[in-house]
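# Working through the structure, step by step
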Amino acid sequence: MSKESDRLFAQPLAQVPDFAFNEDVVRVFPDMIKRSVPGYPTIVENLGVLAAQFAQPNSVLYDLGSSLGAVTQALRRHVRTDGCRVIAVDNSAAMVERCREYLNGQDSMFQELLPVEVIEGDILALDFQPASVVALNFTLQFIAPDQRTALLSRIRQSLLPGGALILSEKLRFNDPEEHALLTDLHIAFKRANGYSELEIAQKRSAIENVMKPDSLEEHRERLLAAGFSKVVPWFQCLNFASLIALP
Ligand SMILES: C[S@@+](CC[C@H](N)C(=O)[O-])C[C@H]1O[C@@H](n2cnc3c(N)ncnc32)[C@H](O)[C@@H]1O
Ligand SMILES: O=C(O)C(=O)C[C@]1(C(=O)O)C=C[C@@H](O)C=C1
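So, how was this worked out
- Residues numbered from 1 in each chain as written.
- Chains lettered and ligands numbered in written order.
- Predicted model: local features only at pLDDT ≥ 70, side-chain atom pairs only at ≥ 80, totals over all residues.
- Heavy atoms only, no water.
- UniProt positions renumbered as here; feature names shortened; annotations may be inferred.
- Helix = DSSP H or I, 4+ residues; strand = E, 2+ residues; numbered from the N terminus.
- Contact = heavy atoms within 4.5 Å.
- Salt bridge = Lys/Arg side-chain N within 4 Å of Asp/Glu carboxyl O.
- Buried < 20%, exposed > 50% of the residue type's maximum accessible area, 1.4 Å probe, protein only.
- Near = heavy atom within 4 Å.
- Polar contact = N/O pair within 3.5 Å; in protein donor to acceptor, adjacent residues only side chain to side chain.
- Areas by Shrake-Rupley, 256 points an atom, 1.4 Å probe, with all protein chains shown as cover.
- Nonpolar A, V, L, I, M, F, W, Y, C, P; charged D, E, K, R; others polar.
- Phe/Tyr/Trp six-rings, centres within 6.5 Å; stacked < 30°, edge-to-face > 60°.
- Lys NZ or Arg CZ within 6 Å of the ring centre and 35° of its normal.

As annotated in an unreviewed UniProt entry, the chain is Carboxy-S-adenosyl-L-methionine synthase from Pseudomonas izuensis. The UniProt entry for the chain carries this comment under Subunit (unreviewed entry): "Homodimer." The UniProt entry for the chain carries the following text under Function (unreviewed entry): "Catalyzes the conversion of S-adenosyl-L-methionine (SAM) to carboxy-S-adenosyl-L-methionine (Cx-SAM)."

This part takes up the side chain of Q106. If you trace the backbone, Q106 turns up in helix α4 (residues 93–109). Here Q106 is in contact with Q73, R76, R77 and L113, once residues within four sequence places are set aside.

A word on the pattern of salt bridges. If you walk through the whole model with that rule in mind, you get 11 salt bridges. Between E197 and R191 there is a salt bridge, and its shortest N-O distance comes to 2.6 Å. When its relative accessible area of 45% is taken as the criterion, E197 is described as partly exposed. Judged by its relative accessible area of 42%, R191 is partly exposed. Note that D214 and R222 form a salt bridge whose closest N and O atoms lie 2.9 Å from each other. Each member of the pair, D214 together with R222, is buried. Taken together, the shared-partner salt bridges in this structure form one network comprising E4, D24 and R27.

This paragraph deals with the site of ligand 1. Around ligand 1, the structure places 19 residues, and the nearest of them are Y40, S67, D90, D122 and N137. For ligand 1, a nitrogen atom lies 2.9 Å from a polar atom in the backbone of I123. Expressed as a share of its isolated accessible area of 610 Å², the protein-covered part of ligand 1 is 95%. Looking at the shell around ligand 1 residue by residue, the classes come out as 10 nonpolar, seven polar and two charged.

So, about the environment of E4. For E4, the position within the fold is in the segment before α1 (23–36). E4 sits in the partly exposed class, given a relative accessible area of 37%. The spacing of E4 and L68 is 64 residues in sequence and 14 Å in space, taken between C-alpha atoms. If near-sequence neighbours (up to four positions away) are discounted, E4 is found in contact with R27, V28 and D31. Within the structure, E4 has its side chain in polar contact with the side chain of R27 (distance 3.2 Å).

Next up on the list: helix α7 (residues 197–207). Given 3.6 residues per helical turn, the α-helix brings residues three or four places apart onto the same face. Of the positions making up α7, those classed as buried are E199, I200, Q202, K203, A206 and I207. In this structure, the buried side of α7 is in contact with α1 and α6 (176–192).

Here the focus is the packing of aromatic side chains. In this structure the tally under the stated criterion is seven aromatic pairs. Ring centres 5.2 Å apart and planes at 85 degrees place the aromatic pair F19 and F21 in the edge-to-face group. For F19, a relative accessible area of 9% corresponds to the buried category. Here F21 and F29 contribute two aromatic rings whose centre-to-centre distance is 6.2 Å and whose plane-to-plane angle is 75 degrees, an arrangement assigned as edge-to-face. We classify F21 as partly exposed; its relative accessible area is 28%. Among the aromatic side chains, those forming a connected cluster through ring pairs are F19, F21, F29 and F142. Positioned above the aromatic ring of Y195, the side-chain terminus of R35 is 3.8 Å from the ring centre.

So, about helix α3 (residues 70–78). Within the sequence span of α3, burial applies to V71, T72, Q73, A74, L75 and R76. For α3, the elements touching its buried residues are α2 (40–54), β1 (60–64), β2 (85–90), α4, β3 (116–120) and β4 (131–137).

To continue, consider the site of ligand 2. Contacts to ligand 2 come from 16 residues, most closely from Q141, K170, K190, K203 and I207. Between ligand 2 and the protein, one listed contact pairs an oxygen atom with a side-chain N or O atom of K170 at 2.7 Å. Side-chain polar atom of K190 to an oxygen atom of ligand 2: 2.3 Å apart, as the coordinates give it. Coverage of ligand 2 by the protein chains reaches 98% of its 370 Å² of free accessible surface. With three residues, α1 is the single largest residue contributor to the shell around ligand 2.

Take a look at the structure:
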C-alpha cells in the first residue's frame, strides 16, 4: 500500500473544490482514511471475521465502493467457504486501477485466496448476483439520499438466506448536544492524528456537498423499509458506526 501521507488540504486554497475520489486522493487514501475515520482498521479486519460467519457456499461476496480494496483483502484473508468469490465495484477509474495492482500483490504473497473480480462501474446500475455478504464500507453516505432505499432494496433481494449486509457509515445525531459533542471529539481525533485546523476546515468544506450522513434511526428505518428483518449495530467509535443487516 502507498505510504504517502495526506497533505491535500495543508495549504490554503482560494476556493475548496468538492471532494472527489481522483488520482490525488488515491495516492494518499490509505493514510487519509486511517487518520480520518476512528476505528477504521478495526472495522475492516473484523468485517472479514464477520463475513466468514455469513458466507454461504458458491456465492458472491460484494465489496461496494471498494476504493483500494481494503475490505476485499480482509474478505480474502478470512473467508474459507467453498466456491465463494469476491466482486469489488467502484466508479473511480483511479481507485480501480490501483486496487487491481494491490490485489495482484496479495495474490503473489498468498496462496488459495478467493477469486476476485474488480469492476469499474456504478453500484446503482449493478446487476446483482445471488450474494451472501454485501459490504458497503463508508460508501452509502456518498450515494444521493433519494437513491439509497432503492439500492438497499436491490441488495436485499440479492441476499441469500443466512447472508448479511454490513454497512459502515459516518453518523449524524438528532440530539444537537450529542451531535456537537461527537463532532468535536472527531475533530480532536483528527488533530491527534496530525491534521491542522486548516486541513480539518478545508476537508470539511470539500466534503459537505458530496457526503450526506444519516442518523442511526434513519439507517434502521430505511433498512427495514428495504426489506431487511433485523439491524444490529456491532461497532461504534465516536461518530462512525457499522451495522449488520439481516435479510
Ligand atoms: C470512502 S470510500 C470507501 C472506502 C472503502 N470501502 C474502504 O473500506 O477502504 C467510498 C468509495 O465509494 C466509491 N463510490 C461512490 N459512489 C459510487 C457509486 N455510485 N458506484 C460505485 N462506487 C462509488 C468512491 O469512488 C470511493 O472509492
Ligand atoms: O469526516 C471526514 O472528514 C472524513 O474524512 C470521512 C471520510 C469517510 O467517512 O469516508 C470521508 C472521505 C474520505 O474518503 C475519508 C473519510
